[in-house]
Each structure stands twice: as C-alpha cells, then as structure tokens.
Amino acid sequence: LFLATLTYDTLRFEYEDFPETKEPVWILGRKYSVFTEKEEILLDVTSRLWFTYRKNFPAIGGTGPTSDTGWGCMLRCGQMIFAQALVCRHLGRDWRWIKGKRQVDNYFSVLNAFVDRKDSYYSIHQIAQMGVGEGKSIGQWYGPNTVAQVLKKLATFDTWSSLAVHIAMDNTVVMEEIRRLCQSNAPCAGAAACPAVESDGLYNGCPEEAGVRDRRSLWKPLVLLIPLRLGLTEINEAYIETLKHCFMMPQSLGVIGGKPNSAHYFIGYVGEELIYLDPHTTQPAVEPNDSGCLPDESFHCQHPPCRMSIAELDPSIAVGFFCNTEEDFNDWCQQIKKLSLVRAALPMFELVERQPSHFSNPDVLNLTP
C-alpha cells in the first residue's frame, strides 16, 4: 500500500513497458498507435474511473465491514464498468481527466454516485446490501453475473441517469426485449433531476434542436451486460477473436472478469494481451473536504495499465455495451451480425429479434428443484 500510494509518478516510468509494437492498441472502442499516440493512450486510461479496495469507510449496514480488502474486487469492477456507462451518459466518450484541472459538475455527480457511503447510488455499501437478495452475504465474493444483477436493481433508483439496464441471459440478446425496455417511458425521467440550465436546450450536455431532443428522449440510454462462460476451466481459443472485436466497438464498456477469485476490469487489448485496471490496491476511504469537494486523484490510475495474456482469462466474464441512442443500438446490432461472418471468430452469444419459443418464462427458470 505504502509503495502504491507513494510512487505514482515514478511508477509511470517503471511501468513504461508498453510493448513497442505495430499492433494497434484498442481502448473501449478507440484505436491507437503505440509509436505516435502513447500519451493519448495513457490519458485515455487515466481518465477512466478506477475503483480499488478501500479501508476505514463507514461500516456496511452500520455494523459490518469497514474495508472490502480481500472480498470486494468484483464489486469494484462492477463499479468501474458502470462508471464508464455514466461517464458516456453524462460526459461523453471523449471526456478526459487532467490532473489539477477544474472538472465540470457532472463529473463530480458521477463520482459521488460511487463513493463509499450508504447513500451513494452505486456504493460498495449499496452493492453489498443489495447482494443479500441475490443470496450473497456481506463480505462474500461475487461472480460477474451477480454484480450485474445487483447493479441493474440499483440503477432503478438513479433517476438522474435514467438508464435502461438489460442483462442478457442464456447467451442470447433479444432485440425486441431491449427495444421495449428502452422505449418504456417517453420523456427522459432523469430530466427533472438535471439542473434547469441543462434540461433547457441541452441534451447530455450538448445543445440540441428541440425536435431531435424530443425524438431521442423516447429512448432511454441502454447499458447492456452479457454474462458469458467461454469455456469450462479455461477460455476456448475459438472465442478470442470475437472478444477482441468487442473492445473495437464504439459502444464498448469493456469486460469484467479476471483470474479465479481475482477480478479485473478489462478496457482493451494489444496483440494477444488484455489491458486492464486492477482493483487490488487498498487505499484509504475518501471524504469530501470542507467545501464539499471530493479529492479525486485516487480514483484515476496514473501509471500505465496492467496487461495479461488473453489465454489466462477465467472463462466466466460479463461483457458490457452502452447505447446512448436507438441509432447506437441499431449500429451495434449490425456490427454483431457482421462479426458472425468473420472466419475463426466463434460467436460468444446469439443475437435474435424475438424470444425463442423454447425459452421458458424467466421466473420459471429460477425455480429450484
């Protein structure tokens, strides 16, 4: 911990072993060259919200743990993939965090949604307590599917973001279900929670013509999470090309997974290596200062990211995508259909228009023998 908190600036050089390769680097739908865009790569990585183990936060449930070291890594990865969705929703994919630069209010609103206290939308407190309903006691390790299910429930309270969260089960994405979910309420429910200056003439922080804004508000921004198992004990090589393509899509939110009982948030790849943010550093919990501002440097990984061979990936993962508009979703569907035609790329999931008739009602599937 002492080393991790003391030497970020020196780490920037110690870790400076990003491979000198002609292979492109892909980070959440953006393509970079190591030779000409190394600074841009590092800035993109640093701008992602980085959630790690914390200690000395208020006790979960009033009497529970005050640290998540050793058990909270998948919960932190769930926070990271969801934070990326909120960044895309409220700040845009092009937004960048620069140390010492004054950030917009929306940035702090996003960050505050994840701070370690019981009343934050997506805090470790909320995730751990909501997980009890999924059969996980507080302090128990989660898998990718469990954290996805919990985040979906928590998102219903986040009226500011007004997200439609869909978890595609049984390796099947049903387009009709998603359209029904995203078109379920006409005006954006989050508009009332946005500052008046923004809801009047601004759409997601950008000026919009009224007609365009009205049409777009018929679609709630979509967070699509797809829990998958890509093999029995290790990843089946036939899925690797498809997994890489997921990081190339502009809708990419990355992947949560890792090695057995050690979760990581994967944000891209280069060659045969995955690029990831690692939650396994324990930092002190952060409190807002006297002016109500949150010191935010510890929420950004300021050294080059970790890498690991794709072959080492545990086969149990969840892939995430964000579609801000209906056009984004239609484009994503087209890309998935094209991907099914790529040679040597075995589809990780099926994309269908309607629920296959052999599917039971989801409630029936949950019955235990």
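About the cut-offs
- Every residue gets a number counted from 1 within its own chain, in the order that chain's sequence is written.
- Only residues with pLDDT of 70 or above have their local features reported here, since the model is predicted, and side-chain atom pairs are shown and tallied only from 80 upward, although totals for entire chains, interfaces and linings are computed over all residues.
- Side-chain measures were taken over the full set of non-hydrogen atoms in the model, leaving aside hydrogen atoms and water.
- UniProt positions are given in the numbering used here, feature names are shortened, and annotations may be inferred rather than shown by experiment.
- A helix here means a DSSP run of H or I that spans at least four residues, while a strand means a run of E at least two residues long, and both kinds are numbered starting from the N terminus.
- Residue exposure (1.4 Å probe, protein chains only): buried if accessible area is under 20% of the type maximum, exposed if over 50%, otherwise partly exposed.
- The contact criterion used is simple: two residues touch if any of their non-hydrogen atoms lie within 4.5 Å.
- Shrake-Rupley sampling with a 1.4 Å probe provides the accessible areas, and residues are treated as covered by the protein chains on show and by no other component.
- Definition of nonpolar core: a set of buried residues of the types Ala, Val, Leu, Ile, Met, Phe, Trp, Tyr and Cys, connected through side-chain atoms within 4.5 Å.
- With a 1 Å grid laid over protein atoms only, a set of points is called a cavity when a 1.4 Å probe fits there but cannot get out and a pocket when it is open yet has protein on both sides within 12 Å along at least five of seven lines; lining residues have an atom within 4 Å of a point.
- Grid points are joined across faces, edges and corners, and a volume is the space filled by probe spheres set on the points.
- Aromatic pairs are defined between Phe, Tyr and Trp rings, using the six-membered ring for Trp, whenever the two ring centres lie within 6.5 Å; interplanar angles under 30 degrees are classed as stacked, those over 60 as edge-to-face, and all others as tilted.
- The predictor rates its confidence in each residue with pLDDT, a number between 0 and 100.
- Note: two strands are recorded as paired if DSSP finds a minimum of 2 bridges between them.
- Salt bridge, as used here, is a side-chain nitrogen of Lys or Arg placed within 4 Å of a carboxyl oxygen of Asp or Glu.
- Bend, at a single residue, is the angle you get between axes fitted to the 7 residues ending at that residue and the 7 residues starting at it.
- What qualifies as a polar contact is a pair of N or O atoms within 3.5 Å, subject to a donor-acceptor requirement within protein and to the restriction that residues adjacent in sequence count only when both atoms come from side chains.

The name that an unreviewed UniProt entry assigns to the chain is Cysteine protease, with the source organism given as Pampusana beccarii. Note on the chain: under the UniProt heading Function (unreviewed entry), the record states "Cysteine protease that plays a key role in autophagy by mediating both proteolytic activation and delipidation of ATG8 family proteins."

Draft legend 1. Spotlight on the overall build of the chain. Along the backbone of the chain there are 13 helices and 15 strands. Within the chain, buried positions represent 50% of all 369 residues. For the chain, the share of sequence-separated contacts (at least 6 apart) that also reach a separation of at least 24 residues comes to 73%. Accessible area of the chain: about 16800 Å², with a carbon and sulfur share of 53%.

Draft legend 2. Region of interest: the nonpolar core. Core analysis: the largest hydrophobic core is formed by 68 residues, its most contacted members being V25, L49, F82, F114, Y122, V223 and Y265. The biggest single contributor to this core is helix α4 (residues 73–90), with 12 residues. Beyond its immediate stretch of four places on either side in the chain, L49 contacts M80, A83, V87, Y107, V110, L111, L277, F299 and H300. Among the nonpolar cores identified, the runner-up in size contains 41 residues, and M308, C333, I336 and F349 belong to it.

Draft legend 3. Main features of empty space enclosed by the protein. Tallied over the full model, the rule gives one cavity of 30 Å³ or more. Of the volumes computed, that of the largest cavity is approximately 30 Å³. Around the largest cavity sit R48, L49, M80, A83, Q84 and Y265, which together line it. When residues in the lining of the largest cavity are grouped by element, the largest group, three residues, is from α4.

Draft legend 4. Region of interest: the packing of aromatic side chains. Counting across every chain of the model gives 13 aromatic pairs. Between F82 and Y122, the ring centres sit 5.1 Å apart and the planes meet at 50°, which makes this aromatic pair tilted. With F82 in helix α4 and Y122 in the loop between α5 (105–112) and α6 (124–131), this pair connects stretches of sequence that are 40 residues apart. The buried category is assigned to Y122, whose relative accessible area is 0%. Each residue in the set F51, F82, F114, Y121, Y122 and F299 is aromatic and connected to the rest through ring pairs, giving one cluster.

Draft legend 5. Representation of the environment of P19. If you trace the backbone, P19 turns up in the loop between α2 (8–14) and β1 (25–27). Residues P19 and V34, 15 residues apart in the sequence, show an inter-C-alpha distance of 7.7 Å.

Draft legend 6. Examining the confidence of the model for the chain more closely. On average, residues of the chain score 85 in pLDDT, and 83% of them are at 70 or above. Here helix α9 (residues 196–199) stands out as the element of the chain with the lowest mean pLDDT, 34, in contrast to α4, whose mean of 98 is the highest. Segment residues 363–369 is flagged for pLDDT under 50; beyond a separation of four residues in sequence, or across chains, it makes two contacts in the model.

Draft legend 7. Local environment of the pairing of strand β13 (residues 306–309). Going residue by residue along β13, you find C306 and M308 tucked away on one face and R307 and S309 left uncovered on the opposite face. Relative to β13, strand β11 (residues 273–277) runs antiparallel, the two being bridged by four bridges. Bridge pairing links E273 to S309 in β13.

Draft legend 8. Region of interest: the pattern of salt bridges. Using the criterion set out here, one finds 17 salt bridges in the structure. Note that R93 and D44 form a salt bridge whose closest N and O atoms lie 2.9 Å from each other. Taken together, the positions of R93 in the loop between α4 and α5 and D44 in helix α3 (residues 34–47) put the pair 49 residues apart, joining distant regions of the chain. For D44, a relative accessible area of 0% corresponds to the buried category. Bridged by salt links that share partners, the residues D44, R48, R93 and R96 form one connected network.

Draft legend 9. The arrangement of α3 in detail. At E40, α3 shows its strongest bend, of approximately 35°. For α3, the full list of buried residues reads V34, K38, I41, L42, D44, V45, T46 and S47. Between the side-chain oxygen of the N-cap and the backbone nitrogen of F35 there are 3.2 Å, and the N-cap of α3 in question is S33.

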